[in-house]
Amino acid sequence: MNGNRFGRLFQLTTYGESHGPGMGVVVSGCPAGVQLDEDTVQRELDRRKPGQSMITTSRGEPDEVTINSGLQDGYTTGTPIGMTIQNKDARSGKYEPFVTAPRPSHGDYTYSAKFGTRNWGGGGRSSARETVNWVAAGAVAKAVLDQSAHDVQVKAHVNQIGDVESPAVTFEEMLEHTEDNEVRCAHPETAAEMRDVIDDYQQRGDSIGGSIYFEARGVPRGLGAPRFDGFPSRLGQAVMSIPATTAFEFGLGREARSVAGKERNEDWTFADGDEDHVVADEGDPVPVGNDHGGLQGGITTGEPIYGEATWHAPTSIPKTQETVDWETGEEKEVTVTGRHDPSLPPRAVPVVEAMLYCTILDFMLLGGRINPDRLDGRPGEYDTDYHPSSPRNE
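Residues numbered from 1 in each chain as written. Predicted model: local features only at pLDDT ≥ 70, side-chain atom pairs only at ≥ 80, totals over all residues. Heavy atoms only, no water.

A. Layout of helix 1 (residues 38-48). Buried within helix 1 we find Thr40, Val41, Gln42, Glu44, Leu45, Arg47 and Arg48. Buried residues belonging to helix 1 abut strand 4 (65-67), strand 7 (81-86), helix 3 (131-147), strand 8 (153-161) and helix 8 (345-366). The opening residue of helix 1 is Asp37, an N-cap whose side-chain oxygen sits 3.3 Å from the backbone nitrogen of Asp39. (Buried < 20%, exposed > 50% of the residue type's maximum accessible area, 1.4 Å probe, protein only. Helix = DSSP H or I, 4+ residues; strand = E, 2+ residues; numbered from the N terminus. Contact = heavy atoms within 4.5 Å. Polar contact = N/O pair within 3.5 Å; in protein donor to acceptor, adjacent residues only side chain to side chain.)

Set out below in structure tokens:
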């Protein structure tokens, strides 16, 4: 099976199945000299882990990370960072009815058709459980960017569940309020309405979709390339890889279909140094407005990068559905029981942020904005503050 790696220089390679012994990720391309420990990664994993509230799966996974390589005395060494997260609460028995009778709208049949076999417990490799690896890698990328000379900030929040949509919120409101409620909506009043909607679907044995708004500030201009290595191309791949994602957009997004060219086009002016959250010096050319979402020609402009991603309703629901068993030739009525989220966006927020961090850092390394070998950017220097001392000299 291919397709388990993301990134060019900052690469994450993942493994593991939902009900296997554990999950794991190898992060390659992290510069040396970055302060990192398990607590830094664990903070991000705790935001994604199951069992956080009544509107998330009750699967009792502590998601405790172990860093197995790539660190010396609390600093990255430039070698691959290996991390594992054990599966502690897998219960595969409820999935036995679906070994040869695929669940509606899952990956069961397609996996079996492709490989002639599959790990069927909990959905195996197709489960969103796999994103625990991505969040761990994103925590590493965030640590690199936070300790670099660049002031990159990333934040996301749930802006719609079903028909309930949040009004626009500021980046500061997202930083302040996203983690204040179980829905992870930065508009408290709307968050309460969203919670009611999710509760209603959950009580009816059903599920509901939604969307996430994301924004990144402090990303320097000039990252990315036209066509296949464009910043939006790679970011779209990252976000659309998240299970159950059905749409990705940036800037005006789908609204651009009804906007005339003159209205969408943004004139150029010279920066006066007072622009909010734009990476530009006084006198630099800057666009007037940001309907392009910080991206033009596949390349970053220095303006905030923003957009939205959409998730369909979770497919594991206890309502009666129909399937066929290819082993017995029977048509069957089935109910998918177990522990599942009634709506995915609340737990997907840290996953989106993680993939933004990974994408941004990869482009920063590719563009030479951060030295790929070492964070201090001092090639050839060996006597550093983070180099270990000889025990015999102490």
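From this point on, the discussion continues.
B. Seen up close, the packing of aromatic side chains. Under the defined criterion, the tally for this structure stands at seven aromatic pairs. Residues Tyr75 and Tyr386 carry aromatic rings whose centres are separated by 5.7 Å and whose planes lie at 35 degrees to one another, so their mutual orientation is tilted. One end of the pair, Tyr75, is in strand 6 (residues 75-76); the other, Tyr386, is in the segment after helix 8, and 311 residues separate them in sequence. Overall, Tyr75 belongs to the partly exposed group, its relative accessible area being 23%. By relative accessible area, which is 18% here, Tyr386 ends up buried. Among the aromatic residues, ring-to-ring pairing joins Phe214, Phe248 and Phe250 into one connected group. The positively charged end of Arg204 is found above the aromatic ring belonging to Tyr201, 4.5 Å away from the centroid. (Phe/Tyr/Trp six-rings, centres within 6.5 Å; stacked < 30°, edge-to-face > 60°. Lys NZ or Arg CZ within 6 Å of the ring centre and 35° of its normal.)

C. Focus on the side chain of Asp284. Structurally, Asp284 can be placed in the loop between strand 12 (268-270) and strand 13 (285-287). The exposure class of Asp284 is buried, given its relative accessible area of 16%. When residues no more than four places from it in sequence are discounted, the contact partners of Asp284 are Arg221, Thr269, Phe270 and Ala271.

D. Representation of the environment of Gly78. Along the chain, Gly78 falls in the loop between strand 6 and strand 7. On a C-alpha basis, the gap between Gly78 and Pro31 in space is 4.9 Å, while along the polypeptide they are 47 residues apart. For Gly78, the contacting residues outside a window of four places in its chain are Cys30, Pro31 and Ala32.

E. Geometry of the pattern of salt bridges. Scanning the entire structure with this criterion turns up 27 salt bridges. Residue Asp362 pairs with Arg234 through a salt bridge whose shortest N-O separation is 2.3 Å. Remark: Arg234 occurs in helix 6 (residues 231-240) and Asp362 occurs in helix 8; sequence separation between them is 128 residues. Taking the relative accessible area as the measure of exposure, Arg234 reaches 1% and is therefore buried. Arg378 is paired through a salt bridge with Glu381; the nearest N and O atoms lie 3.6 Å apart. One network of salt bridges, with partners in common, ties together Glu44, Arg47, Lys155, Glu179, Arg184 and Glu353. (Salt bridge = Lys/Arg side-chain N within 4 Å of Asp/Glu carboxyl O.)

F. Structural view of the side chain of Thr84. By the secondary structure assignment, Thr84 is in strand 7. Given the relative accessible area of 18%, Thr84 is considered buried. Polar side-chain contacts of Thr84 include one of 3.3 Å to the side chain of Asn68. Beyond its immediate chain neighbours, meaning those up to four positions away, Thr84 contacts Tyr15, Met23, Gly24, Glu64, Val65, Thr66 and Asn68.

G. Fine view of the sheet that holds strand 1 (residues 5-6). Taking strand neighbours across the sheet as the criterion, the five strands line up as 1-2-3-7-4 in an open arrangement whose pairing is antiparallel. Each end of this open sheet is capped by a strand with a single partner; those strands are strand 1 and strand 4. Bridge analysis of strand 2 (residues 11-15) against strand 3 (residues 22-28) gives five bridges, and the strand direction is antiparallel. Residue pairing for strand 3: Thr13 is matched across the bridge by Val26. Contacts between helix 3 and the sheet are confined to strand 2, strand 3 and strand 7, with strand 3 contributing the most and set at about 35 degrees to the helix. (Pairing = 2+ DSSP bridges. Axes fitted to C-alpha atoms, helices over the stretch in contact; angles between N-to-C directions.)

H. View of the packing of helix 6 against helix 8. Packing of helix 6 against helix 8 leaves a shortest axis separation of 9 Å and a crossing angle of 145 degrees. In this structure, helix 6 crosses over helix 8, and the sense of that crossing is right-handed. Of the residues in helix 8, those touching helix 6 at Phe231, Arg234, Leu235 and Ala238 are Met355, Leu356, Thr359, Ile360, Asp362, Phe363 and Leu366. Here the contact of helix 6 with helix 8 is composed, by residue class, of eight nonpolar, one polar and two charged. (Left-handed = near helix turned anticlockwise from the far one by under 90°. Nonpolar A, V, L, I, M, F, W, Y, C, P; charged D, E, K, R; others polar.)

I. Region of the structure containing the nonpolar core. Among the nonpolar cores identified, the biggest contains 72 residues, and Phe10, Val27, Val41, Met83, Trp311 and Ile360 are the most heavily contacted of them. Per-element tally for this core: the top contributor is helix 8, with 14 residues. Listed in part, the six residues of the second largest apolar core include Val169, Ala186, Tyr213 and Tyr306. (Core = buried A, V, L, I, M, F, W, Y, C linked by side-chain atoms within 4.5 Å.)

J. Highlighting the environment of Pro167. You can see Pro167 is positioned in the loop between strand 9 (164-165) and helix 4 (171-177). A residue is classified by how much of its surface remains accessible, and Pro167, at 41% relative accessible area, is partly exposed. Separated by 207 residues in the primary sequence, Pro167 and Arg374 have C-alpha atoms spaced 42 Å apart. Apart from the residues within four sequence positions on either side, Pro167 is in contact with His187 and Thr190.

K. A look at the pairing of strand 10 (residues 210-217). Here strand 10 lies mainly inside the structure; eight of its eight residues are buried. The alternating pattern of strand 10 places Gly210, Ile212, Phe214 and Ala216 on one face and Ser211, Tyr213, Glu215 and Arg217 on the opposite face, and all of these are buried. Across eight bridges, strand 8 lies against strand 10 in antiparallel orientation. Residue pairing in the sheet places Ile161 in a bridge with Gly210 of strand 10. Sheet analysis places strand 10 next to strand 16 (residues 305-311), joined by seven bridges and oriented antiparallel. For Gly210, the partnering residue across the bridge sits in strand 16 and is Trp311.

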